[in-house]
Amino acid sequence: MKKPIDVTAAIIVKDNRVFAARRKAGMHLAGFWEFPGGKLEVGETPEQCLARELQEELQITTRVGAFVGVSVFDYGSKVVRLLAYQVEHLDGEFELIDHDAMCWLDLDELDSVEWAPADIPLVEQYKAMAVTEAYYTANAQAYCAETRAFDVGDLYRPFLDQLTVDAHILELGCGSGRDSKAFMEMGYTVTPVDGNAEVAACAERYLGRPVAVTTFQTLDYHKAFDGVWASASLLHCPRPQLPDVLTRISLALKDGGIAYLSFKWGDADSVDDRGRHFTNLTEDSLTGLIGDLTAFTVIKIWTETKPLRDGEQQWVYALLRKVAR
């Protein structure tokens, strides 16, 4: 079995357009477009590798941000594990060393070039994230008003039964602020965050307190919370990113802390009529996902069917405890 070679990839976005570069003649994958980056050297972190490679390949200075996702592809002669990160261009004019063309692509233009095979899953992940984000930016007020009216109080008890009355809860993807307000009114200390700036602002007005703009991929707390409430939020996280995001959740929890997750039930991902991407799970696939992590023990995984708008939706839930270390 071939050992994967770790290679980094930079997703550089400016004015909502994505940078792509075409491999020049004589290079491996000549003629294919890619997110720029390169192979990790001994002793390098992926972030150090990307900063070095972008300086060498494009003559630019950058700031490497959050991990986006991973793609593994067998090219026959080698297996590449491509690690993608958000990257901010800080300084320098783009100069092509290993490439013969470059372009900035709008979201609807991403399929107009021939991507290197290992990059294609990362393109799909980015599109799913960007389209979903655009929906919430454009519809934040209506979304918050609609979801604030949903009665979900029966979902709280399994989670709260695991916490003490002085618990500090992180609501990850707080949306309208409905659940944060309910927890606050019960006497809990709550830190609400959301990945969309417009939705966070809407929740902030409702709660009368700050709501930080924090995405799943940039979550960066250390043993700060007794509980993490992620209700109907991680369902927008692209599937390949879930292991890293769940690891970030575990790091945010104190030893013995409790995480509550919920996803729409399904054995395949989907896109709704609003253009939003959903990572759907079943009891088995969620159990398998959690089973690959050593940071959690499962308290309970279960399914329920709930009313949703004009119909019903089956959900899969997980209640997890962080292993003390």
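Cut-offs used in this document
Residues numbered from 1 in each chain as written. Predicted model: local features only at pLDDT ≥ 70, side-chain atom pairs only at ≥ 80, totals over all residues. Heavy atoms only, no water. Helix = DSSP H or I, 4+ residues; strand = E, 2+ residues; numbered from the N terminus. Rg over C-alpha atoms; globule rule 2.2 N^0.38 Å. Contact = heavy atoms within 4.5 Å. Areas by Shrake-Rupley, 256 points an atom, 1.4 Å probe, with all protein chains shown as cover. Lys, Arg positive; Asp, Glu negative; His and termini not counted. Charge placed at Lys NZ, Arg CZ, Asp CG, Glu CD. Core = buried A, V, L, I, M, F, W, Y, C linked by side-chain atoms within 4.5 Å. Buried < 20%, exposed > 50% of the residue type's maximum accessible area, 1.4 Å probe, protein only. Pairing = 2+ DSSP bridges. Axes fitted to C-alpha atoms, helices over the stretch in contact; angles between N-to-C directions. Phe/Tyr/Trp six-rings, centres within 6.5 Å; stacked < 30°, edge-to-face > 60°. Salt bridge = Lys/Arg side-chain N within 4 Å of Asp/Glu carboxyl O.

## Focus on the overall build of the protein chain
Along the backbone of the protein chain there are 7 helices and 15 strands. Computed over the C-alpha atoms, the radius of gyration of the protein chain is 21 Å, within 12% of the 20 Å expected from 2.2 N^0.38 for a compact globule of 325 residues. Counting only C-alpha atoms, the protein chain reaches 65 × 40 × 35 Å along its principal axes. Put simply, 66% of the contacts in the protein chain that link residues at least 6 apart link residues at least 24 apart. Carbon and sulfur atoms provide 51% of the accessible area of the protein chain, an area that totals close to 15100 Å². Of the side-chain charges in the protein chain, 32 are positive and 49 negative, and the distance between the mean point of each set is 4 Å.

## A short note on the side chain of Ser233
By the secondary structure assignment, Ser233 is in the loop between strand 10 (225-230) and helix 6 (242-252). Contacts of Ser233, omitting those with residues within four sequence positions, involve Leu172, Gly173 and Phe216.

## Examining the nonpolar core
Phe159, Leu234, Ile249 and Leu261 are the most contacted members of the largest nonpolar core, which totals 51 residues. The contacts of Leu261, once residues within four sequence positions are left out, are Ala230, Leu234, Leu246, Ile249, Ile290, Val316, Tyr317, Ala318 and Leu320. Ala9, Ile11, Val18 and Ala130 belong to the second-largest nonpolar core, a separate cluster that totals 22 residues.

## Concerning the sheet that holds strand 15 (residues 311-322)
Reading across from one edge, 9-8-7-10-11-15-14 is the order of the 7 strands in this open sheet, with mixed pairing throughout. Strands at the two margins of the open sheet, each flanked by one partner only, are strand 9 (212-213) and strand 14 (296-308). Pairing of strand 14 with strand 15, which is carried by 12 bridges, proceeds in the antiparallel orientation. If you follow Ile301 over to strand 15, its bridge partner there is Ala318. The sheet strands contacting helix 6 are strand 7 (168-172), strand 10, strand 11 (253-264), strand 14 and strand 15, and the helix crosses strand 11 at an angle near 145°. Lying over the sheet, helix 7 (residues 283-291) contacts strand 11, strand 14 and strand 15, oriented at roughly 150° with respect to strand 14.

## Quick notes on unusual backbone geometry
The phi dihedral of Asp15 is positive, around 55°, even though this residue is not glycine. On the secondary structure map, Asp15 appears in the loop between strand 1 (5-14) and strand 2 (17-23). Judged by relative accessible area, which is 70%, Asp15 ranks as exposed. Here Asn16, not a glycine, exhibits a phi torsion of approximately 65°, which is positive. Within the element layout of this structure, Asn16 appears in the loop between strand 1 and strand 2. On the basis of relative accessibility, which here comes to 67%, the residue Asn16 falls in the exposed class.

## Describing helix 4 (residues 178-185)
Residues spaced three or four apart along an α-helix point in a common direction, a consequence of the helix completing one turn every 3.6 residues. Those residues of helix 4 lying buried are Arg178, Asp179, Ser180, Ala182 and Phe183. Considering only its buried residues, helix 4 is in contact with helix 2 (120-148), helix 3 (156-160), strand 7, strand 8 (189-194), helix 5 (197-207) and strand 10. Looking one or two residues past helix 4, Gly187 carries a phi angle of roughly 105°, positive in sign.

## Observations concerning the pairing of strand 1
The pairing of strand 1 with strand 5 (residues 79-91) spans 8 bridges and is parallel. When the sheet's bridge partners are listed, Val7 is paired in strand 5 with Leu82. Summarising the sheet, strand 1 and strand 2 pair through 2 bridges and their orientation is antiparallel. If you follow Lys14 over to strand 2, its bridge partner there is Arg17. Joining the antiparallel neighbours strand 1 and strand 2 is a turn of 2 residues, in which Asp15 adopts a positive phi near 55°.

## Examining the packing of aromatic side chains
Taken as a whole, this structure holds 18 aromatic pairs when the rule is applied. Where Phe67 meets Tyr85, the ring centres are 5.3 Å apart and the plane angle is 70°; that geometry is what we call edge-to-face. With Phe67 in strand 4 (residues 61-74) and Tyr85 in strand 5, this pair connects stretches of sequence that are 18 residues apart. Relative to Tyr317, the ring of Trp302 lies with its centre 5.2 Å away and its plane at 25°, an arrangement referred to as stacked. Residue Trp302 is found in strand 14, and its partner Tyr317 is found in strand 15; the two are separated by 15 residues along the sequence. This pair shows no difference in class: Trp302 is buried, exactly as Tyr317 is. Counting every residue linked through ring pairs, the aromatic cluster contains Tyr156, Phe159, Phe183, Trp229, Tyr260, Trp302 and Tyr317.

## Quick word on the pattern of salt bridges
Following the criterion strictly, the structure yields 24 salt bridges and no others. For Arg52, the salt bridge identified is with Glu53, shortest N-O distance 3.2 Å. Owing to a relative accessible area of 10%, Glu53 belongs among the buried residues under this scheme. Several salt bridges converge on common partners, so that one network encompasses Glu41, Glu44, Arg52, Glu53 and Glu56.

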